[in-house]
Amino acid sequence: MAKRIRSWVLLWLLLAVFLGMFFVFGPGIYNDSDQYLNMHIHREPLYPLFLAALRVIFKDGWLIAMGILQNTFAAVGIWLFAEYMGKRFRLGLWEEVIVIVIHLMPHMITKYCSSLHLFMTNSVMSEALCLPLFTLFLLECFKIFTEEKEKDFKKAAVCSLVIAFIISLVRTQMMITVLMWMVVLCIRILFWPSWRWGRKIWQKPRDGKWKAGKILMAVAIVICIFALRLLAVKSYNLIFSGHFINNTYGTVNTLTNILYASDREDGERIKDETAREFFYRMYDLTEEREANYKYAGKSLKEKTEHIEAWHDTIKYEMIEDVFYQVYDKTVTRDYIIQNLMADETAGKIIGGILPGCFFRWLGNYFLIARYGLIRSVGIVHPVINWLVLLIYLSALGLTVWAYRRDSKDPAIPVMLMSILAILANVGAVSMTIMCLSRYMIYGFAPFYTAYFLLLLGVWKEWRRRRKRWY
């Protein structure tokens, strides 16, 4: 009874924090919000549908309903995560409170430390749903490792896959969760014990066919999920935009960092004459405004800051404006048709110039990813950058220590999954856009939760040995 009361008190405190932040600061509407409200062809379907449903049900009060629902969802997600961790690791009250505080930190960081000063769950932006969904996804992935009974393992596998599919419909970059699910499931199949006839056994080498069959099934499921997502997005666009197409602008996004890394002579490799002319116009604009790699500084810091400073300008003013000004005057004013043509032409440009600037683009990619790794667990600062490196190295060291002490320590998969989540998110985002804090914040709470659990294991081991000495 005491544990149940404690659980409900923690939930109500979480609700008080999130709903209190909403009623104090109110809803936030930002640059991208209009695209979600208008079901823009660039945006994934689930969040615009969520907002549309609120506008239909609550009429003029939809913003209030949005804030209450988003903040309640975030509070419940953190509560479920903390409750399971408390049960699995036998955490005391204050230890569970620490896990909750860690999960509150990303929301406070984006409110008080980011440039937009936004409280995500108050805002009309897809991150308001993405972050709680990601928390629940990682929780179910963790259960894949910790649940021993076959029925519980299967339930966790199905739940995590469903959440991964849902979150992929909220934000395209979060399609990485589907791939993460496959990796987690394959590791579970290959290395974790199985439950048969009421007892836990380890898979033996002769079970290779069993393992291969399960892994092939996981791959087939992932392929089907990607196909189903594509069908869902196209169907949504057909209903609301009149075109059975995927979201547009992805290839234009990808062109941005490649254009930044290119030289003018790379355009000679573009076979399509129209695409080549577009490239020359875009490239000349980057030269005029000193917005390409030639004008970055020599240090890693200067190079990365130059890319980040010019990324949006290149995308909007030197790529998008060039495409749409030409199409407006010479082809059509239908915005969706323009998007399709822009993506097609951008693909031709990329195919022509990327071979010539690939290694330069790859170097820039790692520079962007470097800042992504820092922002996943901290903020970019000359001193903090080195501290972040030490944090990552110490996390790996703690994981190795925990494995040598007890290879079945449940804190190990928590840390490994949090690192996998960070690497996957950074890798996906760095391909097309900058690793801004609100995109990188997904890995913050899982990582520090795992770090705390590993430290807790060290503390308990020290206390156990101390008692033995005395």
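Note that the structure is a prediction, hence the values are computed from the model and not measured.

Novice: Explain helix α11 (residues 273-288) residue by residue, including any values.
Specialist: Given 3.6 residues per turn, any residue in an α-helix points the same way as the ones three and four places further on. Relative to the 22 Å expected for 16 residues at 1.5 Å per residue, α11 spans 23 Å between its end C-alpha atoms, a close match to the ideal helical length. The complete set of buried residues in α11 reads Ala275, Phe278, Phe279, Tyr280, Met282, Tyr283 and Thr286. Lining the buried residues of α11 we find α10 (250-260), α12 (300-330) and α13 (335-377). Of the residues flanking the start of α11, the one acting as N-cap is Asp272, its side-chain oxygen 3.2 Å from the backbone nitrogen of Thr274. Positive phi shows up at Glu290, right after α11, with a value of about 55°.

Novice: I'd like to hear about a nonpolar patch on the surface, residue by residue, with values.
Specialist: Residues Leu49, Leu228, Leu231, Leu238, Ile239, Phe240 and Phe244 make up a contiguous nonpolar surface patch of about 670 Å² in total accessible area. Counting residues per element, the nonpolar patch draws most heavily on helix α9 (residues 208-241), at 5 residues. Inspection of the secondary structure assignment puts Phe240 in helix α9. For Phe240, a relative accessible area of 43% corresponds to the partly exposed category.

Novice: Give a description of the nonpolar core that names residues and reports values.
Specialist: With 146 residues, the main nonpolar core has Phe137, Trp181, Leu255, Met282, Phe323, Ile349 and Phe447 as its most contacted residues. Apart from the residues lying within four places of it in its own chain, the contact partners of Phe137 are Ser160, Ile163, Ala164, Thr177, Met180 and Trp181.

Novice: Could you give an account of the side chain of Arg43, with specific residues and numbers?
Specialist: Looking at the element boundaries, Arg43 is found in the loop between α2 (33-37) and α3 (46-58). When near neighbours in sequence (up to four residues on either side) are disregarded, Arg43 contacts Asp32, Gln35, Tyr36, Pro48, Arg171, Tyr236 and Asn247.

Novice: Give me helix α1 (residues 2-25): which residues, what numbers.
Specialist: Here α1 contains 24 residues, and its C-alpha end-to-end distance of 35 Å stays within 8% of the 34 Å for a straight helix at 1.5 Å per residue. When we look at burial in α1, the residues that qualify are Ser7, Leu10, Leu11, Leu14, Leu15, Phe18, Met21 and Phe22. Each element contacted by the buried residues of α1 is listed here: α4 (62-89) and α5 (93-112). Residue Gly26 follows α1 closely and has a positive phi angle near 75°.

Novice: Could you give me a rundown of the packing of aromatic side chains, with the residues and numbers involved?
Specialist: Applying the stated criterion across every chain, the model contains 24 aromatic pairs. Ring centres of Phe134 and Phe137 lie 6.2 Å apart, and the angle between their planes is 35°; this geometry places the pair in the tilted category. One end of the pair, Phe134, and the other, Phe137, are both in helix α6 (residues 127-146), 3 residues apart, so they sit about a helical turn from each other. The class for Phe134 is buried, based on a relative accessible area of 2%. Judged by centre distance (5.9 Å) and plane angle (35°), the ring pair of Phe279 and Tyr283 falls under tilted. Of this pair, Phe279 and Tyr283 are both found in helix α11, 4 residues apart, which corresponds to roughly one turn of the helix. Residue classification places Phe279 among the buried residues on the basis of a relative accessible area of 0%. Taken together through their ring pairs, the aromatic side chains of Phe358, Phe359, Trp361, Tyr365 and Phe366 make up a single cluster. For the cation-ring pair, Lys111 lies above Phe25, with the distance from its terminal atom to the ring centre recorded as 3.8 Å.

Novice: Account for the pattern of salt bridges, with residues named and values stated.
Specialist: Following the criterion strictly, the structure yields 15 salt bridges and no others. For Lys143, the salt bridge goes to Glu140, with nearest N and O atoms at 3.3 Å. Of this pair, Lys143 and Glu140 both sit in helix α6, separated by 3 residues, roughly a single helical turn. Across the pair, exposure class does not vary: Lys143 and Glu140 are buried alike. Across the salt bridge formed by Arg360 and Asp263, the nearest N and O atoms sit 3.3 Å from each other. Taken together, the positions of Arg360 in helix α13 and Asp263 in the loop between α10 and α11 put the pair 97 residues apart, joining distant regions of the chain.

Rules behind the numbers
Residues numbered from 1 in each chain as written. Predicted model: local features only at pLDDT ≥ 70, side-chain atom pairs only at ≥ 80, totals over all residues. Heavy atoms only, no water. Helix = DSSP H or I, 4+ residues; strand = E, 2+ residues; numbered from the N terminus. Expected span 1.5 Å × (residues − 1). Buried < 20%, exposed > 50% of the residue type's maximum accessible area, 1.4 Å probe, protein only. Contact = heavy atoms within 4.5 Å. Polar contact = N/O pair within 3.5 Å; in protein donor to acceptor, adjacent residues only side chain to side chain. Patch = residues over 30% accessible without salt bridge, like charges linked within 9 Å, V, L, I, M, F, W, Y side chains within 5 Å. Areas by Shrake-Rupley, 256 points an atom, 1.4 Å probe, with all protein chains shown as cover. Salt bridge = Lys/Arg side-chain N within 4 Å of Asp/Glu carboxyl O. Core = buried A, V, L, I, M, F, W, Y, C linked by side-chain atoms within 4.5 Å. Phe/Tyr/Trp six-rings, centres within 6.5 Å; stacked < 30°, edge-to-face > 60°. Lys NZ or Arg CZ within 6 Å of the ring centre and 35° of its normal.

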